[in-house]
Amino acid sequence: MIGELAVRRFPALTVSTPRTEVRRLTAADASAAGEIFADKLTRRWLPLADDSGPIDGHAWCTDLARQRRDSGEGDHYAVVRREDDQVVGSLWTRRTDWGARLTEVSYAMAPHARGFGLAAEAVDAVAIALILEHGFQRVELRVAPGNLASRRVAEKAGFSYEGLLRNAGFVGGGRVDLELWSFVAADLR
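Keep in mind the model is a prediction, meaning the values are calculated, not measured.

Draft legend 1. Region of the structure containing helix α1 (residues 30-38). Those residues of α1 that sit buried are A30, A33, I36 and F37. In an axial view of α1, the angular spread of the buried residues amounts to 125 degrees, which keeps them on one side of the axis. Exposed residues lying more than 90 degrees from the buried face of α1 are S31, E35 and A38. Summarising the contacts, the buried residues of α1 are in contact with α2 (40-45), α3 (57-61), β4 (86-97) and β5 (102-109).

Draft legend 2. Focus on the pairing of strand β7 (residues 160-171). Relative to strand β8 (residues 174-184), β7 runs antiparallel, the two sharing eight bridges. Across the sheet, residue Y161 finds its bridge partner in β8, namely W181. Linking β7 back to β8 in an antiparallel pair, the connection comprises two residues, with G172 at a positive phi of about 55 degrees.

Draft legend 3. Structural context of helix α4 (residues 63-71). Turning to α4, its buried residues number three or more, namely A65, R68 and R69. Take α4 and look down its axis: the buried residues cluster within an arc of 100 degrees, on one side only. For α4, the elements touching its buried residues are β2 (20-24), α3, β3 (75-81) and β4. Positioned one or two residues after α4, G72 has a phi angle of 85 degrees, which is positive.

Draft legend 4. Fine view of the layout of surface pockets. Of the volumes computed, that of the largest pocket is approximately 960 Å³. As for the largest pocket, its lining consists of 44 residues, of which W45, Y107, A108, N147 and S150 are closest to the centre. Listed by contribution, the elements that provide at least two residues to the lining of the largest pocket are α2, β4, β5, α5 (118-134), β6 (138-143), α6 (148-156) and β7. Partitioned by chemical class, the residues of the lining of the largest pocket number 28 nonpolar, eight polar and eight charged.

Draft legend 5. Local environment of the environment of H76. As for its position among the elements, H76 is in strand β3. Its relative accessible area of 2% is what places H76 among the buried residues. With 15 residues separating them in the primary sequence, H76 and C61 have C-alpha atoms 7.0 Å apart. When sequence neighbours within four positions are dropped, the list of residues in contact with H76 reads R23, R24, L25, W60, L64, A65, R68, L91 and W92. A polar contact is formed between the side chain of H76 and the backbone oxygen of W60, at a distance of 2.8 Å.

Parameters at a glance
- Residues numbered from 1 in each chain as written.
- Predicted model: local features only at pLDDT ≥ 70, side-chain atom pairs only at ≥ 80, totals over all residues.
- Heavy atoms only, no water.
- Buried < 20%, exposed > 50% of the residue type's maximum accessible area, 1.4 Å probe, protein only.
- Helix = DSSP H or I, 4+ residues; strand = E, 2+ residues; numbered from the N terminus.
- Arc of directions from axis to C-beta.
- Contact = heavy atoms within 4.5 Å.
- Pairing = 2+ DSSP bridges.
- 1 Å grid on protein atoms, 1.4 Å probe; cavity = no way out; pocket = protein on both sides within 12 Å on 5 of 7 lines; lining within 4 Å.
- Points joined across faces, edges and corners; volume = space filled by probe spheres on them.
- Nonpolar A, V, L, I, M, F, W, Y, C, P; charged D, E, K, R; others polar.
- Polar contact = N/O pair within 3.5 Å; in protein donor to acceptor, adjacent residues only side chain to side chain.

Below, the structure is given as structure tokens:
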């Protein structure tokens, strides 16, 4: 129909780094995803109400991922540690704007996998793949002030700080500002 926009499906994406592989989540990853999202520190920084229940790992890996992918908004991924083939994190894209060729990336890591640079390695690889292989021009990352670990991930993954989005987020049951970080095609030169 005239005037109707075609919904673009988010591209299939698998990337490998020396220590990680990032691939779509599957139903077999549900237990690991559920554990990652049940972690108290992870929940501290997610946009969830204080009284929200647990995130259903099976739904996150299957129905919710499929809905996001089919709508063109993004996708859900597993961060797999290559040395033992263990799912150590989840990474997801969202807020995709196909006209502007931009998307936002977010992530959560299992407690035992934090502090080793795996998140930065995975985020960097995904940003580069989205730009080089899928024609994106911009990948954004939003960080709540105070989340120093996520700020370090953004820096190590090569993202540039752009500024503060006032009152743009919701974590821990309340409104927060969000730092805006970006990785753009020109960063690859």
